[in-house]
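Fold and geometry: a report
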Amino acid sequence: MTGNTGSGAAAPVLRLEDVSRVHGRGAAEVHALRGVDLEVHPGELVAVMGPSGSGKSTLLTLAGGLDTPTSGRVLVEGRPLGDLSRKRLAAVRRRAVGYVFQDYNLIPALTAAENISLPRELDGASARAARREALAALEELGLADLADRFPDEMSGGQQQRVAIARALIGDRRLVLADEPTGALDSTTGEAVLAVLRARCDAGAAAMMVTHEARHAAWADRVVFLRDGSVVDEAGAAPAESLLAGAARDGSGPVGR
């Protein structure tokens, strides 16, 4: 179920150059990431796997400009995020990056359609045009009837799909998804992955944290993290063997 491999001449949408992230100091120092080099190209869906605490979520927050590396550089469409002002960084996140959080981060006082359209309105789109785009995104994810519901009127799975629709609205060149199918049943999860795959096939780049090999099989490439370092990369087919290798060397079960 894979699309483009990202091996062509197109410049990467996302590039991490020798990126490290250290939390705390002294005895409390934790190396969340260690010298990670990674590229994600247009049309490519990359799955990130690894044991709990391996740095998967840290990798996504750095890639999306939600945190800054202790050393190294993160570039989105050739722009080093560390060189941008706070205002310009916020603009890049609104226009170029769609982020799906584990805890959804929906605004309780806004309806599903309003939550989805908000980034577009902040970026200057008219309320009518932004709502039209939001309704199309909801339709794509099978949630057309939830447009005017508030988050507390939805199930966890419905909230998660609304959050995914918000990440996909507009011309997002990079989509970052942290366990996007975690609250979904298998059928709905596969449908969401199909939408994400289609967005990549249309030219976007995406990076998805997952702990399930069957979900990683939708990706063009699997990156395996352990103790903050990339320890293996492969096509989607060997994802099961990567997990088996982690079990054999005692790194523990794959999880969040």
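This text goes with the structure placed above it.
For every chain, the first residue of the written sequence is number 1, and numbering continues from 1 onward in sequence order. Owing to the predicted nature of the model, reporting of local features is limited to residues with pLDDT of at least 70; listing and counting of side-chain atom pairs is limited to 80 or more, with chain, interface and lining totals taken over all residues. The basis for every side-chain value is the complete set of non-hydrogen atoms in the structure, without hydrogens or water.

1. Some remarks on the environment of P180
Structurally, P180 is set in the loop between β7 (174-178) and α6 (186-201). The buried category is assigned to P180, whose relative accessible area is 3%. When the C-alpha atoms of P180 and I164 are compared, they prove to be 7.4 Å apart, with 16 residues separating the residues in sequence. Those residues in contact with P180 that lie beyond four places of it in its chain are V100, Q160, I164, M208 and V209. Numbering of helices and strands runs from the N terminus; a helix is a DSSP stretch of H or I covering at least four residues, while a strand is a stretch of E covering at least two. To sort residues, take the accessible area from a 1.4 Å probe on protein chains only and compare it with the maximum for the residue type: under 20% means buried, over 50% means exposed, and anything in between is partly exposed. The contact rule is simple, with two residues in contact once any of their heavy atoms fall within 4.5 Å.

2. As for the pairing of strand β6 (residues 97-100)
Of the two faces of β6, the one carrying V97 and Y99 and the one carrying G98 and V100 are both buried. What makes two strands pair is DSSP finding at least two bridges between them. With 4 bridges joining them, β6 and β7 adopt parallel strand pairing. Bridging across to β7, V97 finds its partner in L174.

3. Considerations on the nonpolar core
Put simply, a nonpolar core is a bunch of buried Ala, Val, Leu, Ile, Met, Phe, Trp, Tyr and Cys residues held in one set by side-chain atoms that sit within 4.5 Å of each other. Counting 39 residues, the largest nonpolar core has L45, I116, L138, V162 and L196 as its most contacted members. Elements supplying a minimum of two residues to this core: β3 (45-49), α3 (112-122), α4 (127-140), α5 (156-168), β7, α6, β8 (205-209) and β9 (221-226). Of all the elements, α5 adds the most residues to this core, at 6 residues. Those residues in contact with L196 that lie beyond four places of it in its chain are L45, L168, V175, A206 and M208.

4. A closer look at the sheet that holds strand β2 (residues 30-40)
On the basis of which strands lie adjacent, the open sheet formed by 4 strands has the order β2-β1-β4-β5 and antiparallel pairing. Looking along the sheet, the strands with just one partner apiece sit at the ends: β2 and β5 (79-80). Taken together, the 5 bridges between strand β1 (residues 14-23) and strand β4 (residues 71-76) define a ladder with antiparallel strand orientation. The residue of β4 that forms the bridge with S20 is S71.

5. Points about the packing of α3 against α5
In this analysis an axis means a line fitted to C-alpha atoms, helices contributing only their contacting stretch, and an angle means the value between N-to-C directions, from 0 to 180 degrees. Their axes nearest at 8 Å, the elements α3 and α5 cross at an angle of 25°. By the angle between their axes, α3 is roughly parallel relative to α5. The chirality of how α3 crosses α5 is right-handed. Only V162, A165 and R166 of α5 make contact with α3, whose side of the interface consists of A112, N115, I116 and P119. For the contact of α3 with α5, the class distribution of residues is 5 nonpolar, 1 polar and 1 charged. Geometric relationships in this document are graded by angle, where less than 35 degrees denotes roughly parallel, more than 145 denotes roughly antiparallel, 65 to 115 denotes roughly perpendicular, and other angles denote oblique. Crossing chirality is assigned from the near helix's rotation relative to the far helix, an anticlockwise turn below a right angle marking it left-handed and a clockwise turn marking it right-handed. In this count, Pro and Cys sit with the nonpolar residues alongside Ala, Val, Leu, Ile, Met, Phe, Trp and Tyr, while Asp, Glu, Lys and Arg are called charged and the others, Gly among them, polar.

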